[in-house]
Each structure stands twice: as C-alpha cells, then as structure tokens.
Amino acid sequence: MSKVDVLLGLQWGDEGKGKIVDVLTPKYDIIARFQGGPNAGHTLEFDGIKHVLHTIPSGIFRKGTLNIVGNGVVIDPVIFQKEIENLAQFNLPIKETLLISNKAHLILPTHRLLDAASEQAKGNSKIGSTLKGIGPTYMDKTGRNGLRVGDIFTANFQEKYESLVEKHKGMLDHYEGFEYNVEELEAAFFEGIELLKSLTTIDSEHYINKAMKEGKTILAEGAQGTLLDIDFGSYPFVTSSNTITAGTCTGLGVAPTKIGDVIGIFKAYCTRVGSGPFPTELHDEVGENIRKAGGEFGATTGRPRRCGWIDLPALKYGIMINGASELSMMKGDVLDHFEEIKVCTHYIIDGKKIDYLPFDITDIEIEPVYETIKGWNTDTTKLTSFDDAPKALKDYVSYLEKHLEVPITTVSVGPDRSQTLNNKK
Ligand code: GDP
Ligand code: IMO
Ligand code: MG
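Residues numbered from 1 in each chain as written. Chains lettered and ligands numbered in written order. Predicted model: local features only at pLDDT ≥ 70, side-chain atom pairs only at ≥ 80, totals over all residues. Heavy atoms only, no water.

Visitor: How would you summarise the overall build of the protein chain if you had to cite specific residues and measurements?
Guide: A tally of regular secondary structure across the protein chain gives 12 helices and 20 strands. Along the first, second and third principal axes, the C-alpha set of the protein chain runs to 65 × 50 × 40 Å. Looking at the 425 residues of the protein chain, the share that counts as buried comes to 57%. Here the analysis covers contacts within the protein chain between residues at least 6 apart in sequence; of these, 76% occur between residues at least 24 apart. Taking the average location of the 46 positive side-chain charges in the protein chain and that of its 58 negative ones, the two points are 5 Å from each other. (Helix = DSSP H or I, 4+ residues; strand = E, 2+ residues; numbered from the N terminus. Buried < 20%, exposed > 50% of the residue type's maximum accessible area, 1.4 Å probe, protein only. Contact = heavy atoms within 4.5 Å. Lys, Arg positive; Asp, Glu negative; His and termini not counted. Charge placed at Lys NZ, Arg CZ, Asp CG, Glu CD.)

This is the structure:
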C-alpha cells in the first residue's frame, strides 16, 4: 500500500510548482491535480522549450506517467481544448495518459461573465481575479447547482446547462451597466464539451485508491498557494478552493491517513499577483530589480507580479497548516546579484512584535522586521551540485532551515529542469 505525496506552494502561488513536479515525475507513476482550475499557470522548461500548463498536470511530458485531473479541479472546456491543441505538436498519447474525474466541475461561459461582473462591481476592492470564472464555479459547487464532467454524458445535459445559464443571466442582470452576450461564447464551450467526451474520464477516487493498493507512487500537484487558500489565506483576497494538504483529501478522495511526504515550495523571496495584503512588498528599485531578474510576470494573465523579501512568519504558518515534511527553495539565482538579502523574521503591529501570522493582515498596519543576510553575488545558474554552491548561499539555506525547522532538500537555480540542486543529507 503506497501513500500520496503532495507538492504545494507555501506563498501566494507561482513558486515554481510546475518545474518541480516535472523534475520529480520520473519518481512517480501518477501525478494528480486536486484543486483550482485554469487560474493556475504552471511553467516547465526543458530542451530549450518553455511550456505553460493550466489544467493539465505537470507530469504530462514524461513517458509512462499517468496524469489525473481530480474531482476538486474546475475545468473550462474552452481553455482545456486549447491546452490539448497546444500539446498536439508533441505527439503525446493523451488518451492513455490523461484521465479526468467525472466529478470535476465545469466552468461555464456565464461563470466567467459572473467573475468579470463581480470584479467590476467591487471597483477598488476587487480581488484581482484571473477572470477565469473560478469563484462563481466553486460557488455553484457548494451551492449545489454545479455541472460536472460526468453530466456531459447524460441525455439531459443540454437542459441542465440551460437551466443553470438562465439562473446566471438573472444574476448578471443585477449588475448595472454590465453588458454581456452569452450566445457568442457558447459555440466554443460546446466544442470543448465534445472534446472532453472524446478523452478518458474516470471515477478518480476509485482509481487512485486502487493504485495505492497496488503500491503505485502518486504525487498530488497543488495549484495557487497556501496564502491564497479559501480558509487560511489572506481572506477575502484568496482563491475559492483549499490549496493546502487537506485539499488533497477532498480533491482526490484520499484519506488523511494516506498522505505521505508533503513538499512545500517557496521562492527565495516572495511575490504576489492580484490584490490583497503583502507585508514585505517592496515599492522601490529593489522590488523592481527582483521583478526583472525573476521575470516576474504572470504565466496566466501576463500581469507584473508584486515582489518583496521572504516572509518567515507567513512561511512558518504555511508549513504548519500543510504539515510540510521537506522544502524546495526556488529561484535562488534571482538573488545572484544582490550584495544583501533581507529576511522578515517578525511583524510589528500596534507596537507589538510578533512572529506569527495574525487573524487579519488586510486592514491593519504591519511593519516587517528584517534581518540582513550577506548575498553571494555569484552566478549560480551553472551549478550542478549544491556542494559547489557559494558559501553565502549555503548559509542562507541553513539560516532558513534553522528558522523554519524543516529541511530544504532542493534548491532551484534556474527555470530549466537541469538547474535543480539536491540538498538531501
Ligand atoms: P507555478 O505556478 O508555481 O508552477 O509557477 P509559475 O510557472 O507560474 O512561475 C514560476 C516562474 O519561474 C516560471 O516562469 C518558471 O519557469 C520560473 N522558474 C522556476 N524555477 C526557477 C528558478 O529556480 N530560477 C528562475 N530564474 N526561474 C525559475
Ligand atoms: P498558480 O497555480 C498566483 C490569484 C489571483 C487573485 C486571486 C483570486 O500558477 O500558482 P481567482 O482567479 O482564483 O479567483 O483569483 O488568486 N491567483 C493566483 N496567483 N498563482 C496562481 O496560480 C493563482 N491563481 C489565482 O491573482 O489575486
Ligand atoms: Mg503560476
């Protein structure tokens, strides 16, 4: 009997999950996404080609690995079709290696419209949603109105679709000045539904539990990050799913006793895209330099990512909530040319110094307290072994391990598969 290992982001997303899942895939028989939808943009780089995946798990390029889109994921048939079409040139046996849960919910064109209408109505307090319809789709799931992949095979799917769209139109009409045209979006939606029908759909909870019984190795791939979790993130500036380890249980049908290693991944600094609090955000030249060096622009929306120093109170919170058993530090190379690196160890709130994430970080003044660490000021992108890393980088990793109390087993020094250093003792 095997267990399911989990890889997930400890910050506000875009930590480099796609890259590390791709690197780890040879160790696994199955890679499974458990939540989120096409709001995710997971980047993989190898053989000089950059790939961005939104719904499809990041194990798809490795021969012999199965990829499951779990019940906790929301699928937009239009975006899904585009993803599949983009992969066509690589001649992957998608029908055999990509399996889709019958219980995954569908994003309708009207969910996207509702997302846009809601954001427009919020004005300055908008979430900065990716506008992929994520919030409204999960609302229909919990509101018990949603449509699932398995429904597309039923005789009355069209009826169910129309009845939900009518409901949505009623809601859209409440947004003053929001103009929309559902009909012009429907052809692409139904084309995507036909494509979904031609792919392999499964009862993924049975499939995964059987695979565990057979001793198959399974990695659950998170989307977004812990600080965007619907329960534990910087609410209301979050996404609409459980991005944490617990999400694996509900999003794949895996019992809590069947969770194995939990790999938490974080950047050597911190970024956030969209609105919401970000205690260590830099509004100066240093932030701009990180953005440039790290190519910090959204993989899904192209928006510039907000940049800042690493935030230990927030990271410790993520490690606690997820039960992270090991860590991967990403984008170490982005700090290659800094004389000094800062680490936020505490917050000062109302004159009080604390080292944990409080209830609310949205409506209060937080002053980050920093420790300054010596930079390595050396190009690390060509390193092939962590043993050869500059001392200051090793010291930075040891410093973080001491504070986070979890081993950093991987250090990433570039976007390519090969730029990954093993630090397992
Ligand atoms: P994900 O959403 O967590 O999969 O992350 P994204 O793909 O949205 O964003 C991570 C970005 O950083 C992508 O452009 C990756 O190619 C890139 N990347 C990943 N690891 C590294 C690294 O160690 N160094 C550098 N310079 N880039 C990296
Ligand atoms: P990956 O998997 C970074 C952010 C959006 C917005 C908030 C809510 O690539 O790490 P939503 O569209 O979910 O309603 O948006 O969450 N967001 C992400 N930020 N990476 C992501 O995914 C994200 N998915 C959503 O910018 O602030
Ligand atoms: Mg991303």
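Visitor: Just give me the short version of the packing of aromatic side chains, but keep the residues and values in it.
Guide: Taken as a whole and assessed by the stated rule, the structure comprises nine aromatic pairs. Measuring from ring centre to ring centre gives 5.3 Å for Trp 12 and Phe 278, while their planes differ by 55 degrees; the resulting arrangement is tilted. In this pair, Trp 12 sits in the loop between strand E1 (4-9) and helix H1 (17-24) while Phe 278 sits in the loop between strand E12 (270-272) and helix H10 (285-294), placing the two residues 266 residues apart along the sequence. Comparing Trp 12 with Phe 278, the two get one shared label, buried. (Phe/Tyr/Trp six-rings, centres within 6.5 Å; stacked < 30°, edge-to-face > 60°.)

Visitor: Which residues make up the pairing of strand E19 (residues 408-412), and what values do they have?
Guide: Across the five residues of E19, five count as buried, placing the element largely inside the fold. As paired elements, E19 and strand E20 (residues 420-422) share three bridges and run antiparallel to each other. Residue pairing across strands places Ser 412 opposite Thr 420, the latter belonging to E20. (Pairing = 2+ DSSP bridges.)

Visitor: So, the UniProt feature "binding site: substrate" (unreviewed entry) in the protein chain: which residues are in play, and what are the values?
Guide: The UniProt feature table records "binding site: substrate" (unreviewed entry) at Ala 299, Thr 300, Thr 301, Gly 302, Arg 303, Pro 304 and Arg 305. Its location among the elements puts Gly 302 in the loop between H10 and strand E13 (306-308). Taking relative accessible area as the criterion, Gly 302 reaches 42% and is therefore assigned partly exposed. Structurally, Pro 304 can be placed in the loop between H10 and E13. (UniProt positions renumbered as here; feature names shortened; annotations may be inferred.)

Visitor: Can you explain the site of ligand 1? Please cite residues and give values.
Guide: Ligand 1 sits among 20 residues. The nearest are Gly 16, Lys 17, Thr 43, Asp 333 and Ser 412. Between ligand 1 and Asp 14 there is a distance of 2.9 Å, counted from an oxygen atom to a side-chain nitrogen or oxygen. Gly 414 places a polar main-chain atom, nitrogen or oxygen, 3.1 Å from an oxygen atom of ligand 1. Protein contacts shield 93% of the accessible area of ligand 1, which totals 590 Å² for the unbound molecule. (Near = heavy atom within 4 Å. Polar contact = N/O pair within 3.5 Å; in protein donor to acceptor, adjacent residues only side chain to side chain. Areas by Shrake-Rupley, 256 points an atom, 1.4 Å probe, with all protein chains shown as cover.)

Visitor: Explain the packing of helix H11 (residues 312-322) against helix H12 (residues 391-404) residue by residue, including any values.
Guide: At a minimum axis distance of 10 Å, the contact between H11 and H12 shows a crossing angle of 60 degrees. Classified by the angle their axes make, H11 and H12 are oblique. Viewed along their axes, H11 and H12 form a crossing whose handedness is right-handed. Across the interface between the two elements, Leu 312, Leu 315, Lys 316 and Ile 319 from H11 touch Tyr 399, Leu 400, His 403 and Leu 404 from H12. (Axes fitted to C-alpha atoms, helices over the stretch in contact; angles between N-to-C directions. Parallel < 35°, antiparallel > 145°, perpendicular 65-115°, else oblique. Left-handed = near helix turned anticlockwise from the far one by under 90°.)

Visitor: Kindly report on the coordination of the magnesium ion (ligand 3), identifying the contributing residues and their values.
Guide: Only Asp 14 (OD) and Gly 41 (O) from the protein reach the magnesium ion (ligand 3) as donors, at distances of 2.0 to 2.2 Å. Of this pair, Asp 14 sits in the loop between E1 and H1 while Gly 41 sits in the loop between strand E2 (30-33) and strand E3 (42-46), and the two are 27 residues apart along the sequence. (Donors = N, O, S within 2.8 Å, 3.2 Å for Na, K, Ca; no water.)

Visitor: Give me the lowdown on the pattern of salt bridges, citing residues and values where you can.
Guide: The full count for this structure, using the stated rule, is 20 salt bridges. For Arg 305, the salt bridge identified is with Asp 14, shortest N-O distance 3.0 Å. Separated by 291 residues along the polypeptide, Arg 305 in the loop between H10 and E13 and Asp 14 in the loop between E1 and H1 bring together distant segments of the chain. The class of Arg 305 is buried, set by a relative accessible area of 6%. (Salt bridge = Lys/Arg side-chain N within 4 Å of Asp/Glu carboxyl O.)

Visitor: Describe the site of ligand 2, with residues and values.
Guide: Near ligand 2 there are 20 residues, and of these Asp 14, Lys 17, His 42, Thr 130 and Thr 239 occur at the shortest range. Protein coverage of the free-state accessible area of ligand 2, which is 550 Å², stands at 97%. Residue classes in the shell around ligand 2 are distributed as seven nonpolar, 10 polar and three charged. (Nonpolar A, V, L, I, M, F, W, Y, C, P; charged D, E, K, R; others polar.)

Visitor: Give me the nonpolar core: which residues, what numbers.
Guide: Membership of the largest hydrophobic core comes to 56 residues, with the highest contact counts inside it found for Phe 266, Leu 327, Met 329, Leu 335, Tyr 396 and Leu 400. Among residues more than four places away in sequence, those in contact with Leu 335 are Ala 268, Tyr 269, Trp 309, Ile 341, Trp 376 and Tyr 396. Core analysis: the second largest hydrophobic core is formed by 37 residues, Leu 108, Leu 113, Leu 114 and Leu 172 among them. (Core = buried A, V, L, I, M, F, W, Y, C linked by side-chain atoms within 4.5 Å.)

Visitor: Which residues make up the sheet that holds strand E5 (residues 66-69), and what values go with them?
Guide: Read across the sheet, 10 strands follow the order E9-E7-E5-E2-E10-E1-E11-E15-E19-E20 without closing on themselves; strand pairing throughout is mixed. Of all strands in the sheet, those bounded by a partner on one side alone are strand E9 (200-202) and E20. Going across the sheet, the axis of each strand differs from the next one's by a mean of 25 degrees, ignoring polarity. Where E2 meets E5, four bridges bridge the pair, whose relative direction is parallel. Paired with Ala 32 across the strands is Ile 68, a residue of E5.

Visitor: Run through the packing of helix H4 (residues 109-122) against helix H5 (residues 134-142), naming residues and quoting values.
Guide: For the pair H4 and H5, the least separation of the axes is 7 Å and the interaxial angle reads 115 degrees. Once H4 is placed against H5, the crossing between them reads as right-handed. Contact with H4, carried on its side by His 111, Leu 114 and Asp 115, involves Ile 134, Pro 136, Thr 137 and Asp 140 of H5 and no other residues of that element. Here the residues of the contact of H4 with H5 sort into three nonpolar, two polar and two charged.

Visitor: An account of H11 is requested, with residue identities and associated values reported.
Guide: The buried fraction of H11 amounts to eight of the 11 residues, a majority that puts the element mostly inside the structure. Taken together, the buried positions of H11 are Leu 312, Pro 313, Ala 314, Leu 315, Tyr 317, Gly 318, Ile 319 and Asn 322. The N-cap residue of H11 is Asp 311: its side-chain oxygen and the backbone nitrogen of Ala 314 are 3.1 Å apart. Gly 323 sits one or two positions beyond H11 and adopts a positive phi of about 65 degrees.

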